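Spelled out, the chains give:
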Amino acid sequence: MIKFAIYGKGGIGKSTLSSNLSAAFAKRGLRVMQIGCDPKADSTSLLCPKEKITTVLDLVRSGKPFTLTDMVKESTAGVFCVEAGGPVPGLGCAGRGIINALESLEQKGAYEVYKPDVVIYDVLGDVVCGGFTMPMRKGYADKVYIVTSGEKMAIYAAANIAMAIDNFKKRDYAKLGGIILNCRGVENEEENARTLAKDFSTDLSAIIPRSPLFDKAEAAGKTVVELFPDSDVAERLLNLADRIMDDFN
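The residue count restarts for each chain, going from 1 along the sequence in the order it is written. Totals for whole chains, interfaces and linings use all residues, but because this is a predicted model, local features are given only for residues with pLDDT of at least 70 and pairs of side-chain atoms are given and counted only at 80 or more. Side-chain descriptors were evaluated using all non-hydrogen atoms of the structure, hydrogens and water having been removed beforehand.

### Considering the packing of aromatic side chains
Here is step 1 of the chain: Geometry of aromatic contacts follows a simple scheme: Phe, Tyr and Trp rings, the Trp one being its six-membered ring, pair when their centres are within 6.5 Å, and the pair is stacked under 30 degrees between planes, edge-to-face over 60, tilted otherwise. Under the definition given, this model contains five aromatic pairs.
Here is step 2 of the chain: Their ring planes at 45 degrees and their centres at 4.8 Å tell us that Phe80 and Tyr114 sit as a pair that is tilted. Taken together, the positions of Phe80 in strand 4 (residues 79-83) and Tyr114 in helix 5 (residues 110-114) put the pair 34 residues apart, joining distant regions of the chain. Of the two residues, Phe80 and Tyr114, neither departs from the other in class, the shared state being buried.
Here is step 3 of the chain: An angle of 90 degrees between the planes, with centres 6.4 Å apart, marks the rings of Tyr121 and Tyr140 as edge-to-face. Secondary structure elements are defined from DSSP: runs of H or I of at least 4 residues count as helices, runs of E of at least 2 residues count as strands, and each element is numbered from the N terminus. Throughout this description, buried means an accessible area under 20% of the type-specific maximum (1.4 Å probe, protein chains only), exposed means over 50%, and partly exposed covers the range between.

Rendered as structure tokens:
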């Protein structure tokens, strides 16, 4: 089983990228599970646009018994979707949703029942502490891919995530798989991303160009991979999926 996490600064496009990667893996004939680990619970909105997924934290808070089918919804692209959820705004710990989601999936035998070939954890990277490190821990993701643009704050957040991964080496946590550049059209963007990758002795796994196709696909409630399968952007996303599979071989 290929298990990896996508981390990145809020608003950097990691959920869009994660959903498109999920669709790309599914297009390669693999069974995919995407687990949204962001309190906004919008990681899988492109995969399940017509159905709001009840978050695991909401199911836990309800105090009522719940099943795997309450937690996991299958998208039209054939991706099994889960949203961890978060606390009531202003109350509680945002990392608690991630902890509850991953523990509940394990306890209810999700991996044995759905038998995914690929598991993608989509994680907010503005903070790397508590529950937000949960997907990095042993038994969950084996690698972390960091999404960044060339913008200063995105590079800064990406560097913080990379440092956290480096600091967790002794705990046998997930290893850094690479940097994914999600272009925003800023000056020296590729150079900045390559410098970041070099600083942490890793690779630039992919360069995803800025494209209006992402907005068009989002408006249609689809991924670019599904709606524009013959586009250059879809080809790059499929190549990234292939690259990640090669990283695990």
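### Quick word on the environment of Leu240
Here is step 1 of the chain: Here Leu240 shows up in helix 10 (residues 232-247).
Here is step 2 of the chain: Considered as a pair, Leu240 and Leu124 are 116 residues apart in the sequence and their alpha carbons are 20 Å apart.
Here is step 3 of the chain: Any pair of residues with heavy atoms lying within 4.5 Å of one another is described as a contacting pair. Once residues within four sequence positions are removed from consideration, Leu240 is found in contact with Leu17, Leu21, Ile180, Ser205 and Ala206.

### Overview of the nonpolar core
Here is step 1 of the chain: The biggest cluster of nonpolar side chains holds 51 residues, and the ones touching the most others in it are Met33, Ile35, Val72, Leu105, Tyr121, Met136 and Ile146.
Here is step 2 of the chain: The dominant element in this core, judged by the number of residues it contributes, is helix 6 (residues 152-167), at seven residues.
Here is step 3 of the chain: Discounting residues that sit within four places of it in the chain, Tyr121 has contacts with Phe4, Ala5, Ile6, Ile35, Cys37, Leu102, Tyr111, Pro135, Tyr140 and Ala141.
Here is step 4 of the chain: Counting residues in hydrophobic clusters, the runner-up holds 37 residues, among them Leu17, Ala26, Ala217 and Ala234. For the purposes of this section, nonpolar cores are sets of buried Ala, Val, Leu, Ile, Met, Phe, Trp, Tyr and Cys residues that join through side-chain atoms within 4.5 Å.

Everything listed here is a matter of coordinates, which is why it stays silent on function.
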